[in-house]
Amino acid sequence: MDKIKQLFKQADLDCIIIRKNPLDVNFSYFTKLPLDYFDNALLVLKRNEKPIIFVSSLEYKWLAGRKDFDVREVKKREEFRKELKKEISYKKIGLDKSELNYKIVGRFERLFKNKNIVNVGKEIEKLREIKDKDEIGCIRKAGNITSKAFRLIPKLVEDRLSEKECVLELEYFMKKQGSETLAFPPIVASGKNAGIPHFIPSDKKIQNGFLMVDIGARYKNYCSDMSRTFFVGKPANSDKKDYELVQEAKNSAESLLKEGISAKKIHNQAEKILKKGNYPLVHALGHGLGLKAHDVPARLNSKANFKLKENMVFTIEPGIYDSKKGIRIEDVVLIKKKGFEYLGNFPRELIEI
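My aim in this report is to walk through the structure given alongside it, one point at a time. As the structure is a prediction and not an experimental result, all values here were calculated from the model.

Each helix and strand counted, the protein has 11 helices and 18 strands in total. What you see for the protein is a C-alpha radius of gyration of 23 Å, in line with the 20 Å of a compact globule of 353 residues. Overall, the protein is about 70 × 40 × 35 Å in size when its C-alpha atoms are taken along their principal axes. Out of the 353 residues belonging to the protein, those deemed buried represent 53%.

Given below as structure tokens:
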């Protein structure tokens with residue numbers, strides 16, 4: 001309810017409609033309902049009134065007992081439209097268009113043809129940039145589950161599993177630990193495969209050389225996103241130096257993290273360190289994280305013209321890649337007034353297997 005009150009402070013409206021779509025997270029943001037359910041449900045927010053959820057008969061009984069929402073069953077489409085028009089008598093209506101296609105938006109415009117429909121997607125995104133205590137707790141829990149999963153890697157390598165088999169074991173473990181789904185398809189890339197930043201795991205056994213693992217649990221809808229790079233076999237001095245370079249870039253960038261710092265400055269600092277080893281930073285230094293693995297605020301890249309605020313959550317993930325190897329070290333960080341906090345913890349030194 002606090003989030004809804006904050007939204008109406010930002011938006012000069014008395015009514016806002018949010019329609020649940022498969023890719024939409026804003027419905028779940030306000031209702032705390034699972035992301036993978038309730039498609040096509042409708043959330044109607046009114047200033048200083050109990051929110052209304054219109055949901056199909058298939059899911060109505062699951063929600064019927066909630067006291068914080070007025071839950072209404074949708075049986076027939078035409079009756080639902082009449083009820084919705086009767087319920088919403090305001091001349092100006094906010095609509096979350098961020099994940100709606102033109103066809104769906106057109107339906108709302110025809111239904112409320114004599115009313116002014118305003119897109120409130122940006123206002124909701126702005127609200128979601130700053131995480132509250134509960135959200136931070138969920139991300140921390142997801143990070144802890146993810147951190148525990150990294151402990152499996154040495155045993156999986158010793159068992160001579162394939163990259164795909166490692167993914168299955170990691171997914172099974174994280175779900176047993178409380179992850180509802182995974183935040184994104186995991187990456188397990190060994191040998192030269194690690195040189196592809198977003199590699200799709202193969203049927204090949206884990207190869208000698210660098211082994212890059214990028215995984216993330218999801219807890220109560222909130223994501224984690226962490227990467228660690230191991231070494232299978234004995235690393236050469238040049239391998240150790242490359243890993244230390246990525247570590248230096250990460251530590252140097254993280255030393256700048258605090259409220260008020262320019263996002264661009266953080267990216268540029270990491271890029272400057274990597275250039276000492278003649279490596280480019282081929283992707284953004286990091287990205288916002290929350291209900292999505294890549295979430296608001298925007299990416300931390302060389303064009304990021306915003307400043308960090310307290311209780312924003314980002315990933316920090318410098319990496320280097322070439323035809324023979326890839327190294328990435330990624331953590332989830334909570335921005336504080338002075339400094340930051342890791343939401344998840346696993347050793348950042350090179351682990352040899």
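Additional details are given in the paragraphs that follow.
On to the pairing of strand E13 (residues 295–300). The pairing of strand E12 (residues 286–288) with E13 spans 2 bridges and is antiparallel. Its bridge partner being in E13, Gly 288 is matched across the sheet by Asp 295.

Time to look at the pattern of salt bridges. Taken as a whole, this structure holds 31 salt bridges when the rule is applied. The partner of Asp 70 in a salt bridge is Arg 72, and the shortest N-O contact between them spans 2.9 Å. Assessed through its relative accessible area of 18%, Arg 72 is described here as buried. Salt bridges here are not isolated pairs; linked through shared partners, they connect Lys 46, Asp 70, Arg 72, Glu 83 and Glu 87.

Quick look at unusual backbone geometry now. Between Val 296 and Pro 297 the backbone carries a cis peptide bond, its omega angle lying at -5°. For Pro 297, the position within the fold is in strand E13. Non-glycine residue Arg 160 carries a positive phi angle of around 55°. Tracing the backbone through its elements, the reader meets Arg 160 in the loop between helix H8 (153–158) and helix H9 (163–176). Even without glycine at this site, Lys 220 takes up a positive phi of about 50°. Structurally, the position occupied by Lys 220 is in the loop between strand E9 (218–219) and strand E10 (222–223).

Judged by nonpolar contacts, the single largest core of 64 residues is most densely connected at Ile 16, Phe 30, Leu 170, Leu 211 and Val 213. The greatest single-element share of this core, amounting to 7 residues, is contributed by helix H7 (residues 133–150). The contact partners of Leu 211, leaving out residues within four places of it in the chain, are Ile 153, Val 157, Val 188, Ala 189, Ser 190, Ile 206, Arg 228, Thr 229, Phe 230 and Val 232. With 28 residues, the next largest nonpolar core counts Ile 266, Leu 281, Leu 300 and Ile 320 among its residues.

For the rest of this paragraph, the subject is the sheet that holds strand E4 (residues 70–74). The strands making up a sheet associate through backbone hydrogen bonding, with each pair oriented either parallel or antiparallel. The strand order E4-E3-E2-E1-E5-E6 describes an open sheet built from 6 strands, whose pairing is mixed. With one partner strand each, in any of the chains shown, E4 and strand E6 (116–119) form the two edges of the open sheet. Direction aside, neighbouring strands of the sheet carry axes that sit 25° apart on average. When strand E1 (residues 15–19) meets strand E2 (residues 42–46), the two strands line up antiparallel, connected through 5 bridges. Residue pairing for E2: Cys 15 is matched across the bridge by Lys 46. Helix H1 (residues 2–10) contacts E1 and E2 of the sheet and is inclined by roughly 65° relative to E2.

Bringing the sheet that holds strand E11 (residues 226–232) into the picture now. Taking strand neighbours across the sheet as the criterion, the 3 strands line up as E7-E8-E11 in an open arrangement whose pairing is antiparallel. Only two strands of the sheet have a single neighbouring strand rather than two, namely strand E7 (187–190) and E11. Each strand axis lies, on average, 15° off the axis of its neighbour in the sheet, ignoring direction.

Let's shift gears to the packing of aromatic side chains. Tallying each qualifying case throughout the model produces 8 aromatic pairs. For the ring pair Phe 150 and Phe 346, a centre distance of 5.4 Å and an interplane angle of 35° mean the geometry is tilted. With Phe 150 in helix H7 and Phe 346 in the segment after strand E18 (340–342), this residue pair connects regions lying 196 residues apart in the sequence. With relative accessibility at 0%, the residue Phe 150 sits in the buried group.

Another point: the side chain of Arg 328. Position of Arg 328 relative to the elements: it lies in strand E16 (residues 326–328). From its side chain, Arg 328 meets the backbone oxygen of Pro 197 in a polar contact 3.3 Å long. Beyond its immediate stretch of four places on either side in the chain, Arg 328 contacts Ile 187, Pro 197, Met 212, Asp 214, Ser 227, Arg 228, Thr 229, His 283, Glu 317, Pro 318, Gly 319 and Tyr 321.

Relative orientation of the contacting elements H7 and H9 amounts to 140°, with a least axis distance of 9 Å. One element, H7, and the other, H9, form an angle in the oblique class. Crossing of H7 against H9: the hand is right-handed. Only Leu 170, Phe 173 and Met 174 of H9 make contact with H7, whose side of the interface consists of Ile 145, Thr 146, Lys 148 and Ala 149. Its residues assigned to classes, the contact of H7 with H9 comprises 5 nonpolar, 1 polar and 1 charged.

Judged from the 5 bridges that link them, strand E3 (residues 52–56) and E4 form a sheet pairing that is parallel. Pairing of Phe 54 across the sheet is with Arg 72, part of E4. On the question of chirality, the crossover connecting E3 to the parallel E4 by way of helix H3 (residues 57–63) is right-handed.

Rules used in this analysis
- Residues numbered from 1 in each chain as written.
- Predicted model: local features only at pLDDT ≥ 70, side-chain atom pairs only at ≥ 80, totals over all residues.
- Heavy atoms only, no water.
- Helix = DSSP H or I, 4+ residues; strand = E, 2+ residues; numbered from the N terminus.
- Rg over C-alpha atoms; globule rule 2.2 N^0.38 Å.
- Buried < 20%, exposed > 50% of the residue type's maximum accessible area, 1.4 Å probe, protein only.
- Pairing = 2+ DSSP bridges.
- Salt bridge = Lys/Arg side-chain N within 4 Å of Asp/Glu carboxyl O.
- Core = buried A, V, L, I, M, F, W, Y, C linked by side-chain atoms within 4.5 Å.
- Contact = heavy atoms within 4.5 Å.
- Axes fitted to C-alpha atoms, helices over the stretch in contact; angles between N-to-C directions.
- Phe/Tyr/Trp six-rings, centres within 6.5 Å; stacked < 30°, edge-to-face > 60°.
- Polar contact = N/O pair within 3.5 Å; in protein donor to acceptor, adjacent residues only side chain to side chain.
- Parallel < 35°, antiparallel > 145°, perpendicular 65-115°, else oblique.
- Left-handed = near helix turned anticlockwise from the far one by under 90°.
- Nonpolar A, V, L, I, M, F, W, Y, C, P; charged D, E, K, R; others polar.
- Right-handed = clockwise from strand over helix to strand, strands pointing away.

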